[in-house]
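# Reading the structure
Residue-level listing of the chains:
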Amino acid sequence: MVTEVLSILNPTSGKRIIDATFGGGGHTTAILESSGCYVLGIDRDPDAIDRAATLKASYPNNFDFLAGEFSRLPDLIGTMERFDGILFDFGISSFQVDDPDRGFSFSHDGKLDMRMSKRGLSAFDVINSFEEKDLAEIIWKYGDEPKSRRIAAEIVRARKISQITTTFDLHMVVRNIFNSDSVKKKYSKIDVATKTFQAIRIFVNDELLEIDTALGQFPRLLKNDARIATISFHALEDRIVKNWIKSNSASIKIINKSVIKPSHEEIKKNPRSRSAVLRGFVYNESKAYTGEVDDAL
Ligand SMILES: C[S@@+](CC[C@H](N)C(=O)[O-])C[C@H]1O[C@@H](n2cnc3c(N)ncnc32)[C@H](O)[C@@H]1O
């Protein structure tokens, strides 16, 4: 949804935009190509540093990159001038999903890891050391998985026999409890392990708190009437954005009355985009906007 993101951010010469989820730099590149504005790219994944360095060579004066969590944006930007816009494209990048060494996906066999920042507790640690009730809660809370308790019990049973080391190991453990045809039918559109993998990933990266914290910091980052674009990939992310909009409704003007979803062509080209939801709004902490909020929520 690059065109739609550009129409929300409206980058023009001299404007300063934060791309808080730089990833492969696709959105940043489009913003830089569309105008003479300045972009600060942020990503917690150290693998993004090299990709950013390549882009910096093409845009030495208009682009910088800082590695770190977007929850720490005020610290990261320090005394820099405030920004005119910010983009969040939540979740993980295809670089992360497609690299077996990052251990995010059951489509590739790799050591269970899932840490975007390559630091801290990994999926391996969680799966092999957390108590059954805590695993069940994580899988329920972040995966909305109705079979969370049975999956947690199966994980604990399996790890007593041998450690669950790889993405394929975890996939197999989850599949073990989905062996009846009626259960498989209910999950026909997605792999039976999708929700469990999502839940563990969200927990490992503390993704929801990251989003909530970042949205609460706009007054320290943005100029008046700054433009904000958020792309969520599941309801948990989008709910945080919606709640934030509701509780700050006096300071927000919704740009698009309805959420924007990817076109059929985009979904065909990039099937992972199918659940993406784009929201755009203007934020001004000191101005009282009226109306225009509820339609899009
Ligand atoms: C969906 S990808 C972004 C793709 C990017 N828009 C592009 O065009 O290539 C999300 C990126 O955000 C990063 N990310 C996720 N949560 C983050 C956080 N809390 N702080 C900083 N970066 C984060 C991930 O490491 C990943 O690279």
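These numbers come from a predicted model, not from an experiment.

### Overview of the packing of aromatic side chains
The full count for this structure, using the stated rule, is 13 aromatic pairs. Ring geometry for Phe106 versus Phe197: centroids 5.1 Å apart, planes at 85°, classification edge-to-face. Of this pair, Phe106 sits in the loop between helix H5 (94-97) and helix H6 (123-129) while Phe197 sits in helix H11 (residues 194-204); the two residues are 91 residues apart in sequence, bridging distant segments of the chain. Residues Phe106 and Phe197 agree in their burial class; the two are buried. Plain terms: the ring middles of Tyr142 and Phe203 are 6.5 Å apart, the flat faces sit at 35° to each other, and that makes the pair tilted. Here Tyr142, found in helix H7 (residues 132-143), pairs with Phe203, found in helix H11; they are 61 residues apart in sequence, far enough to count as distant. Since its relative accessible area comes to 26%, Phe203 is described here as partly exposed. Here the aromatic cluster, defined as three or more aromatic residues joined through ring pairs, consists of Phe70, Phe88, Phe90, Phe218, Trp244, Phe281 and Tyr283. The lysine or arginine in question, Arg51, covers the ring of Phe95, its NZ or CZ lying 3.9 Å from the ring centre. A cation over an aromatic ring shows up here: Lys111 above the ring of Phe124, its NZ or CZ 4.6 Å from the ring centre.

### Some remarks on the packing of H7 against helix H8 (residues 148-161)
Here H7 crosses H8 at 135°, and the two axes come no closer than 8 Å. Taken together, the axes of H7 and H8 are oblique relative to one another. Considering the relative orientation of H7 and H8, their crossing is right-handed. Each of Glu132, Leu135, Ala136, Ile139 and Trp140 in H7 lies in contact with H8, whose residues at this interface are Ser148, Arg149, Ile151, Ala152, Ala153, Ile155, Val156 and Arg159. Looking at the contact of H7 with H8 residue by residue, the class counts come to 9 nonpolar, 1 polar and 3 charged.

### Overview of the site of the ligand
Around the ligand there are 22 residues in total, and His27, Asp43, Phe70, Asp89 and Glu210 lie nearest to it. Between a nitrogen atom of the ligand and a side-chain N or O atom of Asp89, the distance comes to 2.8 Å. Calculation on the ligand without its partners gives an accessible area of 610 Å², and the protein chains cover 92% of this total. Taken together, the residues that form the shell around the ligand break down as 6 nonpolar, 10 polar and 6 charged.

### Things to note about the side chain of Asp84
Topologically, Asp84 is positioned in strand S4 (residues 83-89). There is a polar contact of 3.3 Å between the side chain of Asp84 and the side chain of Lys223. When near neighbours in sequence (up to four residues on either side) are disregarded, Asp84 contacts Lys15, Arg16, Lys223, Ala226 and Arg227.

### Re the sheet that holds strand S7 (residues 277-283)
With mixed pairing, the 7 strands of this open sheet are ordered in space as S3-S2-S1-S4-S5-S7-S6. Both edges of this open sheet fall to strand S3 (63-67) and strand S6 (252-254), since each of them pairs with a single strand only. Each adjacent strand pair in this sheet contributes to an overall mean axis angle of 20°, direction not counted. In this structure, S6 lies alongside S7, joined through 3 bridges in antiparallel fashion. Across the sheet, residue Lys253 finds its bridge partner in S7, namely Val282. Contacts between helix H1 (residues 2-9) and the sheet are confined to strand S1 (16-19), S4, strand S5 (222-232) and S7, with S5 contributing the most and set at about 160° to the helix.

Rules used throughout
- Residues numbered from 1 in each chain as written.
- Predicted model: local features only at pLDDT ≥ 70, side-chain atom pairs only at ≥ 80, totals over all residues.
- Heavy atoms only, no water.
- Phe/Tyr/Trp six-rings, centres within 6.5 Å; stacked < 30°, edge-to-face > 60°.
- Helix = DSSP H or I, 4+ residues; strand = E, 2+ residues; numbered from the N terminus.
- Buried < 20%, exposed > 50% of the residue type's maximum accessible area, 1.4 Å probe, protein only.
- Lys NZ or Arg CZ within 6 Å of the ring centre and 35° of its normal.
- Axes fitted to C-alpha atoms, helices over the stretch in contact; angles between N-to-C directions.
- Parallel < 35°, antiparallel > 145°, perpendicular 65-115°, else oblique.
- Left-handed = near helix turned anticlockwise from the far one by under 90°.
- Contact = heavy atoms within 4.5 Å.
- Nonpolar A, V, L, I, M, F, W, Y, C, P; charged D, E, K, R; others polar.
- Near = heavy atom within 4 Å.
- Polar contact = N/O pair within 3.5 Å; in protein donor to acceptor, adjacent residues only side chain to side chain.
- Areas by Shrake-Rupley, 256 points an atom, 1.4 Å probe, with all protein chains shown as cover.
- Pairing = 2+ DSSP bridges.

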